[in-house]
Amino acid sequence: MYSALQPVGKDAALSGLRVLDITGEMGMFCTRLLTDLGAEVLKIEKPGGDDAREIGPFVHDVPNPEMSLYFWFLNTGKKSLTLNIESNAGQEILHRLLETTDVLVETFLPGYMDSLSLGYASLSKHYPRLIMTSITPFGQTGPRRGYKSCNLVASALGGQMYVCGDSDTPPLKPYGEQSCFTASLFGAVGTLIALHYRHLSGRGQHIDISLQECVASTLEHVNVLYMYEGIISQRQGTLHWNGEFRLFPCKDGYILLSLFREWDTLVEWLDSEGMAADLKEIRWLNVQLRLQEIDHIIEVVERWTKRHTAAELVEQAQLMHLPWAEVASMEKLAGNPQLKERGFFVEVEHPELSSCFTYAGAPFKLSHTPWRISRRAPLIGEHNEEIYCGELGFSPHELAALRTKGVI
Amino acid sequence: MVNNQDALGDIRIVDFTWVLAGPYAARILADSGAEVIKIQSRVTMGAESPNNEGYFITWNRNKRGITLNLSKPEGRDIARRLIQVSDAVVENFTPRVMRNWGLDYSTLSRTRPGLIMLSMSGMGQTGVQQNYSAFGPTIQALSGITQLTTFPHHPPLGIGYSYADHIAGLAGALSLLAALEYRHRTGRGQHIDLSELEAMSGLMGIELLNLAVNHKIATPVGNHPLYHQAAPYGIYRCKGEDKWCAIAIFTEEEWEVLCHVMGNPRWTAEARFADLRSRVNNRDKLDELVEEWTTQHEALEVMERLQKYGIAAGVVQDASDLAHDPQLGARDFFTQMGHPARGSVTVDGSPMKFSRTPIRFHHSAPLLGQDNNYVYGKLLGMSQEEIKRYTEMGIFY
């Protein structure tokens, strides 16, 4: 329980916090974030292992529930318990765990937890201090609460896809499971807000998070332009919504340029290489004109960028405080000198494979309570004995019986 | 005084942030009742949009606002006095700025033990590139998401807005809340060094791991499934101009339902679509045939008919669709707020609904210097004469 300080990781921000994690893809990153901050996260997997273990990529591309890199990344530091929460015996065990739980995070469709008498209304009667965080496709209320979703559908309905891509391409989904990441970040933030309130009031609460709303909340200009100016933002390729940034091809790839910041500097630079064409003309000092005639400006600038490598341009630009960057590949990201110097990448040991692998590291550096990956993702039911026998007092014999009955 | 409706009602935050990432972090905390005091000055406003424009109003609602000229030593002294009576500081300048002003964590924490300070910057507070100029698009380019966000064999397209600023804002709010938790237990404050590049690169974790373990370099997938086996999967053109519906079919049962809803056209029985593997292998032809069906129907109709049978499907919504979305509407996702200069404004709510401490919209974004009297008079105990004098001196400016 939270009040009982535990010796392990006592200098972590969330030491002593116990989290029960019954999440699927939408919430696995939420509990991962809490784990990295020092919470003890007990991941409840169905007997045989979580469905997410079937999601690739896999080590050496060989499907294996213990070798999913997707699962590894999203579950480092967690403890794994197998438990069939649909069985009576499983629910009894879950209730015993809930007695020592501060936070429950779940991602079932609304109504499912209620059908098992595990909805917030009934849990809060038994555990008034419990914080329950539910991350669902459309939230717990509203006409579409029962609709199905996934990362793609959330990206579409949340308004993200419509503005990504070019005017002559279909809408485009940003790379990665971004809606799940965003919802998980909101989940973790909401959980800690509720935890703070629990200190003030002694009471837990339910946090209802909608995947669709998480996407719609993270669109920068889209809702602002519509609400204030009635503008429906469109797809416009690599040109940033406000025209300030755009990608340009160069000798060895692409770079991101700011087109209008420090216009004089840009023109002088082009001119010093005899590439400014007519851009020196005084009329181009007018920003409105530059926006209107942007295709011409793009043409001139592109002639110039194509003669350089990305590194040449970026190095010089950053000396002049221009926010330019190379459009990096994963290889470039892995070799980023700034990330390396700051120790962003961390090695995580996988004793079963007698290997260490490099993982992406901390999203922020806390000076006193550093973020950390305490260990690799758990094997299926790796902590059954520790928790069921060590803590709940089941004998090895009873544990075996539960296994036979398919409870764990 | 703790307002028991507000989860963070006992927390005061001094907000030195501008543009999006920092203001977004502070807005999340302000929405839950933290008293966020945004510091602005006519001297240094620079690239930030004026206080009565939609962009500013959106990202700074629920905050108080004061003017304070930090380029003058008196201004910096008053900032220190305000920090003395606050719990946390949030800033997102390039690292040299707060140091040059003597407003860095090591200086501030000497006189204000227990202080939490969140410093957000593009590249972090240390390292050779700490003073790099970086905005959301810069971070997205460096993180790899720009290169990967495009269609297969197509030049990079990227995300046309500052998504990374939202991610950094969320990570910033999370880190500050974690530090508050630690302070609650130990009384100790701390400094948080948030690099937007690191917050964003963490979301490329699966790709980085695939590179480390399998030496595989991620490539763009467009709207195809990234980690799952699924087909049909993607967005399909519907009736009308630029109308699309996303459809995601993962299982055999779902495939059968889709066939049924489409009226079981003959092609669905062909051997090349008989199982998931064959459908994945013949994805392009399959998509073409599914689109023959979707183009005959409105996107909304496609979604409703498929969702009725439990299929994940969703309209590709533009800003107007969002504003009229019945689900968002039923949950009051958009809400009206009064604004001193604009009258009533519509703002996006919050995707977090708290059962006990619902997010409240207690005041709109501040006009420049709107809360000078409250902050300087009430919180710092200055007399009206003092406030007048500092105003005339160009300190409250």
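Note that the structure is a prediction, hence the values are computed from the model and not measured. (Residues numbered from 1 in each chain as written. Chains lettered and ligands numbered in written order. Predicted model: local features only at pLDDT ≥ 70, side-chain atom pairs only at ≥ 80, totals over all residues. Heavy atoms only, no water.)

A.B. asks: Please set out the overall build of chain A residue by residue, giving values where relevant.
C.D. replies: The helix and strand tally for chain A stands at 17 helices and 12 strands. Looking at chain A residue by residue over its 408 residues, the buried ones come to 62%. In chain A, the share of contacts with a sequence separation of at least 24, taken over all contacts with a separation of at least 6, comes to 66%. Within the structure as shown, chain A displays about 14900 Å² of accessible surface, and the carbon and sulfur contribution to it stands at 51%. (Helix = DSSP H or I, 4+ residues; strand = E, 2+ residues; numbered from the N terminus. Buried < 20%, exposed > 50% of the residue type's maximum accessible area, 1.4 Å probe, protein only. Contact = heavy atoms within 4.5 Å. Areas by Shrake-Rupley, 256 points an atom, 1.4 Å probe, with all protein chains shown as cover.)

A.B. asks: Please set out the overall build of chain B residue by residue, giving values where relevant.
C.D. replies: Helix and strand counts for chain B stand at 18 helices and 12 strands. A principal-axis box enclosing the C-alpha atoms of chain B has dimensions of 85 × 50 × 40 Å. A burial count over chain B gives 65% of its 397 residues as buried. Considering only intrachain contacts with a sequence separation of at least 6, the fraction spanning at least 24 residues in chain B is 69%. With an accessible surface of roughly 14100 Å², chain B has 49% of that area assigned to carbon and sulfur atoms. One way to put it: in chain B the 38 positive side-chain charges average out to a point 7 Å from where the 43 negative ones average out. (Lys, Arg positive; Asp, Glu negative; His and termini not counted. Charge placed at Lys NZ, Arg CZ, Asp CG, Glu CD.)

A.B. asks: Can you break down the sheet that holds strand S3 (residues 64-67) of chain B residue by residue, with the values?
C.D. replies: Here 7 strands make up an open sheet; going across it, the order is S12(A)-S6(B)-S5(B)-S4(B)-S1(B)-S2(B)-S3(B) and the pairing mixed. The sheet is open, and its two edges are formed by strand S12 (365-366) of chain A together with S3 of chain B, each paired on a single side. Pairing of strand S1 (residues 12-15) of chain B with strand S2 (residues 35-40) of chain B involves 4 bridges; the strand directions are parallel. Of the residues in S2(B), the one forming a bridge with B:Arg12 is B:Glu35. (Pairing = 2+ DSSP bridges.)

A.B. asks: How would you sum up helix H1 (residues 28-36) of chain A? Please name residues and give values.
C.D. replies: Residue and element names in this part refer to chain A. Where burial is concerned, most of H1 is hidden: 9 out of the 9 residues are buried. Of all the residues in H1, the buried ones are Met28, Phe29, Cys30, Thr31, Arg32, Leu33, Leu34, Thr35 and Asp36. Immediately beyond the C-terminal end of H1, within one or two residues, lies Gly38, with a positive phi of roughly 110°.

A.B. asks: Before we move on, can you summarise the interface of chain B and chain A with the specific residues and values?
C.D. replies: On the side of chain A, 145 residues touch chain B, which itself brings 150 residues to the contact. One can count 8 salt bridges joining chain B with chain A. Put simply, chain B and chain A have 60 residue pairs in polar contact (both at pLDDT 80 or more) between them. At 16 residues, the largest contribution of residues to the side of chain B that touches chain A is made by helix H8 (residues 163-186) of chain B. Of the residues assigned to the side of chain B that touches chain A, the class counts are 81 nonpolar, 50 polar and 19 charged. Sheet topology note: the strand S6 (residues 206-210) of chain A/strand S12 (residues 352-354) of chain B ladder contains 3 bridges and is antiparallel. Following the sheet pairing, A:Asp208 is matched in S12(B) by B:Lys353. (Salt bridge = Lys/Arg side-chain N within 4 Å of Asp/Glu carboxyl O. Polar contact = N/O pair within 3.5 Å; in protein donor to acceptor, adjacent residues only side chain to side chain. Nonpolar A, V, L, I, M, F, W, Y, C, P; charged D, E, K, R; others polar.)

A.B. asks: Describe in detail helix H6 (residues 136-143) of chain B, supporting the description with residues and values.
C.D. replies: Residues and elements named next belong to chain B. Most of H6 is tucked away: 8 of the 8 residues are buried. Of all the positions in H6, only Gly136, Pro137, Thr138, Ile139, Gln140, Ala141, Leu142 and Ser143 are classed as buried. In the stretch just after H6, Gly144 is the one whose phi turns positive, near 95°.

A.B. asks: Talk me through the side chain of A:Glu213; I want residue IDs and the actual numbers.
C.D. replies: With respect to the helices and strands, A:Glu213 occurs in helix H8 (residues 211-216). Beyond its immediate sequence surroundings of up to four residues, A:Glu213 is in contact with B:Leu328, B:Arg331, B:Phe333, B:Ser350 and B:Pro351.

A.B. asks: Can you break down the domain arrangement of chain A residue by residue, with the values?
C.D. replies: Along its sequence, chain A is carved into domain 1 (18-218 + 352-404) and domain 2 (245-328). In this structure, domain 1 of chain A and domain 2 of chain A have C-alpha centres spaced 45 Å apart. (Domains from an automatic or database assignment.)

A.B. asks: Tell me what's going on with the sheet that holds S12(B), and back it up with residues and numbers.
C.D. replies: If you trace the 7 strands from one edge of the open sheet to the other, you get S3(A)-S2(A)-S1(A)-S4(A)-S5(A)-S6(A)-S12(B), paired in mixed fashion. Edge positions in the sheet fall to strand S3 (79-82) of chain A together with S12 of chain B, since each has one partner strand and no second. For this sheet the average axis-to-axis angle between neighbouring strands, irrespective of direction, equals 20°. (Axes fitted to C-alpha atoms, helices over the stretch in contact; angles between N-to-C directions.)

A.B. asks: Got a sec to walk through the domain arrangement of chain B? Specific residues and values, please.
C.D. replies: A common measure of how large an interface is: the accessible area buried when the components associate. Here the domain parsing of chain B yields domain 1 (12-203 + 332-392) and domain 2 (244-315). Taking only C-alpha atoms into account, the centre of domain 1 of chain B sits 45 Å from that of domain 2 of chain B.

A.B. asks: How would you explain the nonpolar core if you had to name every residue and give the values?
C.D. replies: Judged by nonpolar contacts, the single largest core of 192 residues is most densely connected at A:Trp72, A:Val189, A:Phe364 and B:Met352. Element by element, the count of residues in this core is highest for H8(B), at 14 residues. When residues no more than four places from it in sequence are discounted, the contact partners of A:Trp72 are A:Val59, A:Glu66, A:Met67, A:His350, A:Leu353, A:Phe357, A:Tyr359, A:Ala377, B:Leu209 and B:Val213. Residues B:Tyr105, B:Leu108, B:Tyr374 and B:Leu379 belong to the second largest nonpolar core, which totals 31 residues. (Core = buried A, V, L, I, M, F, W, Y, C linked by side-chain atoms within 4.5 Å.)

A.B. asks: Help me get a handle on the environment of A:Ala362, residues and values and all.
C.D. replies: Here A:Ala362 lies in the loop between strand S11 (355-359) and S12. Accessibility expressed as a relative area gives 13% for A:Ala362, which makes it buried. Note: C-alpha distance between A:Ala362 and A:Asp36 (326 residues apart in sequence) is 8.3 Å. Discounting chain neighbours no more than four positions away, the residues touching A:Ala362 are A:Phe344, A:Trp371 and B:Glu198.

A.B. asks: Which residues make up the environment of A:Gly274, and what values go with them?
C.D. replies: All names here are of chain A. Along the chain, the position of Gly274 falls in the loop between helix H10 (263-272) and helix H11 (287-292). For Gly274, a relative accessible area of 61% translates into the label exposed. Here the alpha-carbon distance between Gly274 and Glu92, two residues 182 residues apart in the chain, equals 78 Å.

A.B. asks: Report on the packing of aromatic side chains, specifying residues and quantitative values.
C.D. replies: Residues and elements named next belong to chain A. For the coordinates displayed, the defined rule picks out 23 aromatic pairs over all chains. Seen from their ring centres, Trp269 and Trp304 are 5.0 Å apart, and the 75° between their planes marks the pair as edge-to-face. You can see Trp269 sitting in helix H10 and its partner Trp304 sitting in helix H12 (residues 294-305), a full 35 residues away along the chain. This pair shows no difference in class: Trp269 is buried, exactly as Trp304 is. With centroids separated by 5.4 Å and ring planes inclined at 10°, the aromatic side chains of Trp269 and Trp324 adopt a geometry described as stacked. (Phe/Tyr/Trp six-rings, centres within 6.5 Å; stacked < 30°, edge-to-face > 60°.)

A.B. asks: Hey, could you go over the pattern of salt bridges for me, with residue numbers and the actual values?
C.D. replies: All names here are of chain B. What the rule picks out here adds up to 41 salt bridges over all chains. Close ionic contact of Glu35 with Arg64 constitutes a salt bridge, the shortest N to O distance being 3.3 Å. Taken together, the positions of Glu35 in strand S2 and Arg64 in strand S3 put the pair 29 residues apart, joining distant regions of the chain. Look at Glu35 and you get buried, because its relative accessible area is 17%. The salt bridge involving Lys388 is made with Glu392; its shortest N-O contact spans 3.7 Å. With Lys388 and Glu392 both in helix H18 (residues 384-392), this residue pair falls 4 residues apart, about one helical turn. With respect to class, Lys388 is no different from Glu392; both count as exposed.

A.B. asks: Go over unusual backbone geometry with me, naming the residues and quoting the values.
C.D. replies: For the bond running from A:Gly56 to A:Pro57, omega is 0°, close enough to zero to count as cis. In this structure, A:Pro57 sits in the loop between strand S2 (40-45) and helix H2 (69-75). In this model, B:Ala231 is joined to B:Pro232 through a cis peptide bond whose omega is -5°. On the secondary structure map, B:Pro232 appears in the loop between helix H10 (205-214) and strand S7 (233-237). Here the phi dihedral of B:Val19 falls at roughly 65°; this positive angle occurs in a residue that is not glycine. Assignment of secondary structure puts B:Val19 in the loop between S1 and helix H1 (21-31). Judged by relative accessible area, B:Val19 falls into the partly exposed class, the value being 23%. In the Ramachandran plot, B:Asn62 falls in the positive-phi region, its phi being about 70° despite a non-glycine side chain.

A.B. asks: Tell me about the side chain of A:His240, and please be specific about residues and values.
C.D. replies: Mapping A:His240 onto the fold places it in the loop between helix H9 (222-229) and strand S7 (245-250). For A:His240, a relative accessible area of 4% corresponds to the buried category. With residues near it in sequence (within four places) discarded, A:His240 still touches A:Glu220, A:Phe245, B:Pro137, B:Gly160, B:Tyr161 and B:Ser162.

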